[in-house]
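One-letter residues, chain by chain:
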Amino acid sequence: MSTLYSQLPAIDRLLRTPALQTLSAQYGATLLTRTLREMQQEARDLIRQQQQFPAWHADWPLEAATRLAQRSRSALRPVFNLTGTVLHTNLGRALLAEPAIAAVTQTARQAVTLEYALDEAERGHRDRALAALLCELTGAEDACIVNNNAAAVLLMLAALAPDREVVVSRGELVEIGGAFRIPDVMRQAGCRLHEVGTTNRTHLKDYRGAVNEQTALLMKVHTSNYQIQGFTKAVDEAELAALGEELGVPVISDLGSGSLIDLSQYGLPAEPMPQQLIASGVSLVSFSGDKLLGGPQAGIIVGKKALIARLQQHPLKRALRVDKLTLAALEATLQLYRQPERLCDSLPTLRLLTRDRAALLPLAERLLPPLQAKWGDAFSLAIAPCFSQIGSGSLPVDRLPSYAITFTPKAERGGGLDALAQRWRQLEVPVIGRLQEGRLWLDLRCLDDESLFLRMLTS
Ligand SMILES: *Cc1c(COP(=O)(O)O)cnc(C)c1O
């Protein structure tokens, strides 16, 4: 056993070999030495426990190179999102438009007028430049920008209804996922939830009857991720805004996704638009930056000037504010909405959502033969019509016709689907599909880099 120990290479001798000199130049001596020590320790442990060398003992430089490459890889790995869910929360939701990416890069590199007004030589307000743009696009009086829509809801409640009641329909006490539940957010914000109506039916008189001297807000929550069908009744924002006006109680709306354009013009399911709610008299509307808007993660609140001022002054705003990179990306994204006729090209989210099924078929037909050649022994491959989803809390029942390439294991060869999915997750650029009905589906809606994809799956 001691002879095994003595056959382990000495680190300082290893470091003088040309192969490790190259690694040292690339990764630095500190990191390389630490990696070699770690390997040496592992080898000693294995000799002590099993009286043998690790498998990589034959080639220390190769093992060191592999470990260093792995270690220097980003935790945020680019992947192919072929899940069929366009706005996939676990895969980072919206892809930024090129002008937004350029704006982030420029803002990261240089000093910028974040809270500095050039004309008045006084400290400007961080959201001010974007507030003007948001007002132009939504018709609101003012705007406030925070970390995400969950933060937007928290801030509205904490600033406008501390220790007071907020009236919400029982049909809208939603859970969005990731521990965002309306009743919990209320509690965190220090408000008292006053539920009205029933799960399926809430009337205007229910809201009217709930208002008392403790009431601070009437609230609507967009039930984006589920639908109640059958004997239902909900009060829309316009009706509620009129009641709020009559009783002198502000009405706020958590829109979730919210779209600044009418999606039905592209044949997509209609989503409520912030500008419509503002026009119908809602006091504050909040929505996400990285859902249908197609921008960076952010929470956007638009509405009445006096209420926005209270949000801007609240201490939580400081904790929830966004950084300059987010503001830069959001501004560049919103600028694109000034040319709505070009949005289908300029905004990746809209481009992917409106990609026509017919256009995906030639792509599928090009990909099938090389994939077949590589995987056809163990799997039967097919081009199959399927449905993509918008994702991020949009209705799962609204689905977009698409095409997938599917992989079904040939029983006699026993190639497991889980093993296949696992293997594709280990690729240099992992390919993420969807397991369903005994097949692995690669939905082609979000596939842009065809040649890189083929290189990953066929080499
Ligand atoms: C998605 C969503 C949220 C949370 O928004 P984030 O930007 O993810 O924080 C809140 N409310 C509704 C209705 C939503 O759909």
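Rules used in this analysis
The numbering scheme is per chain: residues are counted from 1 as the chain's sequence reads. Per-residue local features are limited, in this predicted model, to residues with pLDDT of at least 70; the limit for side-chain atom pairs, both in listing and counting, is 80 or more; totals at the level of whole chains, interfaces and linings are taken over all residues. Hydrogens and water molecules were not included; the side-chain quantities draw on all heavy atoms of the structure. UniProt positions are given in the numbering used here, feature names are shortened, and annotations may be inferred rather than shown by experiment. Helix and strand definitions here come from DSSP, where helices need a minimum of 4 consecutive H or I residues and strands a minimum of 2 consecutive E residues; each element is numbered from the N-terminal end. Here, residues are in contact when the closest pair of their heavy atoms is within 4.5 Å. Domains are outlined according to an automatic or database domain assignment. Residue exposure (1.4 Å probe, protein chains only): buried if accessible area is under 20% of the type maximum, exposed if over 50%, otherwise partly exposed. Where helices are involved, their axes are fitted lines through C-alpha atoms of the stretch in contact, as for all axes, and angles between N-to-C directions lie from 0 to 180°. For this classification, under 35 degrees means roughly parallel, over 145 means roughly antiparallel, 65 to 115 means roughly perpendicular, and everything else is oblique. One bridge is not enough; two strands pair if DSSP finds at least two bridges between them. Nitrogen and oxygen atoms within 3.5 Å of one another constitute a polar contact, given that in protein one can donate a hydrogen and the other can accept it, and given that sequence-neighbouring residues count only through two side-chain atoms. Whether a residue is near a molecule or strand depends on its heavy atoms: it is near if one of them lies within 4 Å of it. Each accessible area is a Shrake-Rupley result for a 1.4 Å probe, and residues are judged covered by the shown protein chains and nothing else. Within this scheme, the nonpolar core is defined by two criteria: the residues are buried Ala, Val, Leu, Ile, Met, Phe, Trp, Tyr or Cys, and they are joined through side-chain atoms within 4.5 Å.

- In the annotation of an unreviewed UniProt entry, the entry for the chain reads L-seryl-tRNA(Sec) selenium transferase, and the organism field reads Mixta gaviniae.
- Per UniProt, the chain has the following entry under Cofactor (unreviewed entry): "pyridoxal 5'-phosphate".
- UniProt, in its Pathway (unreviewed entry) section for the chain, records the words "Aminoacyl-tRNA biosynthesis; selenocysteinyl-tRNA(Sec) biosynthesis; selenocysteinyl-tRNA(Sec) from L-seryl-tRNA(Sec) (bacterial route): step 1/1."

### Re the environment of A329
Step number 1: Residue position: A329 is located in helix α15 (residues 324-336).
Step number 2: Taking the C-alpha atoms as reference points, A329 and V104, separated by 225 residues in sequence, lie 5.7 Å from one another.
Step number 3: When near neighbours in sequence (up to four residues on either side) are disregarded, A329 contacts L96, A100, V104 and P296.

### Focus: the domain arrangement of the chain
Step number 1: The domain boundaries assigned to the chain delineate domain 1 (1-72), domain 2 (80-89 + 353-458) and domain 3 (98-344).
Step number 2: Relative to domain 3, the C-alpha centre of domain 1 lies at a distance of 55 Å.

### Let's talk about the UniProt feature "modified residue: N6-(pyridoxal phosphate)lysine" (unreviewed entry) in the chain
Step number 1: As annotated in UniProt, the feature "modified residue: N6-(pyridoxal phosphate)lysine" (unreviewed entry) corresponds to K291 in the numbering used here.
Step number 2: Checked against the element boundaries, K291 lands in the loop between β10 (284-288) and β11 (299-303).
Step number 3: Under the relative-accessibility criterion, K291 is labelled buried at 6%.
Step number 4: Setting aside residues up to four positions removed in sequence, K291 forms contacts with L87, R93, A94, G256, S257, T349 and S392.

### Details of the packing of helix α3 (residues 18-27) against helix α4 (residues 29-50)
Step number 1: Closest axis-to-axis distance for the α3/α4 pair is 7 Å, and the angle between their directions is 125 degrees. When the axes of α3 and α4 are compared, the pair comes out oblique. On α4, the residues that touch L20, L23, S24 and Y27 of α3 are A29, L31, L32 and L36.

### Details of the pairing of strand β13 (residues 399-409)
Step number 1: By the bridge criterion, 11 bridges tie strand β12 (residues 379-391) to β13 in an arrangement that is antiparallel. Its bridge partner being in β13, F387 is matched across the sheet by P401.
Step number 2: As paired strands, β13 and strand β16 (residues 439-443) are joined by four bridges and run antiparallel to one another. Paired with T406 across the strands is W441, a residue of β16.

### Looking at the side chain of T215
Step number 1: Topologically, T215 is positioned in strand β8 (residues 215-221).
Step number 2: Separated by 2.8 Å, the side chain of T215 and the backbone nitrogen of N212 make a polar contact.
Step number 3: If sequence neighbours within four positions are ignored, T215 has contacts with R164, E165, V167, A210 and V249.

### A short note on the side chain of T107
Step number 1: Residue placement: T107 occurs in helix α6 (residues 98-109).
Step number 2: For T107, a relative accessible area of 10% translates into the label buried.
Step number 3: Here T107 is in contact with V112, K324, L325 and A328, once residues within four sequence places are set aside.

### A word on the site of the ligand
Step number 1: Every residue close to the ligand is listed here: R93, N148, N149, A150, I176, F180, H222, S224, D254, G256, S288 and K291.
Step number 2: Measuring from an oxygen atom of the ligand, one finds a backbone N or O atom of A150 at 2.9 Å.
Step number 3: S288 places a polar side-chain atom, nitrogen or oxygen, 2.6 Å from an oxygen atom of the ligand.
Step number 4: Considering the ligand on its own, with 380 Å² of exposed area, one finds that the protein chains cover 94% of that surface.
Step number 5: The set of elements that each furnish at least two residues to the shell around the ligand consists of α8 (149-160) and β9 (251-256).

### Observations regarding the UniProt feature "domain: L-seryl-tRNA selenium transferase N-terminal" (unreviewed entry) in the chain
Step number 1: UniProt records the feature "domain: L-seryl-tRNA selenium transferase N-terminal" (unreviewed entry) at residues 5-44, using the numbering of this structure.
Step number 2: Taken end to end, residues 5-44 has its terminal C-alpha atoms 7 Å apart, with 85% of it in helix and 0% in strand.

### Focus: the sheet that holds β12
Step number 1: Across the sheet, five strands lie side by side as β2-β12-β13-β16-β15; this open sheet has mixed pairing. Lying at the two open borders of the sheet, with one neighbouring strand each, are β2 (85-87) and β15 (434-436). Each neighbouring strand pair of the sheet contributes to a mean axis angle of 35 degrees, computed without reference to strand direction.
Step number 2: Contacting β12, β13, β15 and β16, helix α19 (residues 417-425) crosses the sheet at an angle of about 35 degrees to β16.

### So, the nonpolar core
Step number 1: V302 and L334 are the most contacted members of the largest nonpolar core, which totals 52 residues.
Step number 2: Split by domain, this core shows at least three residues from each of two domains, domain 2 (80-89 + 353-458) and domain 3 (98-344).
Step number 3: Non-local contacts of L334, meaning those with residues more than four positions away in its chain, are made with L130, L133, L134, L137, L260 and L293.
Step number 4: Residues L155, C191, A216 and L284 belong to the second largest nonpolar core, which totals 32 residues.

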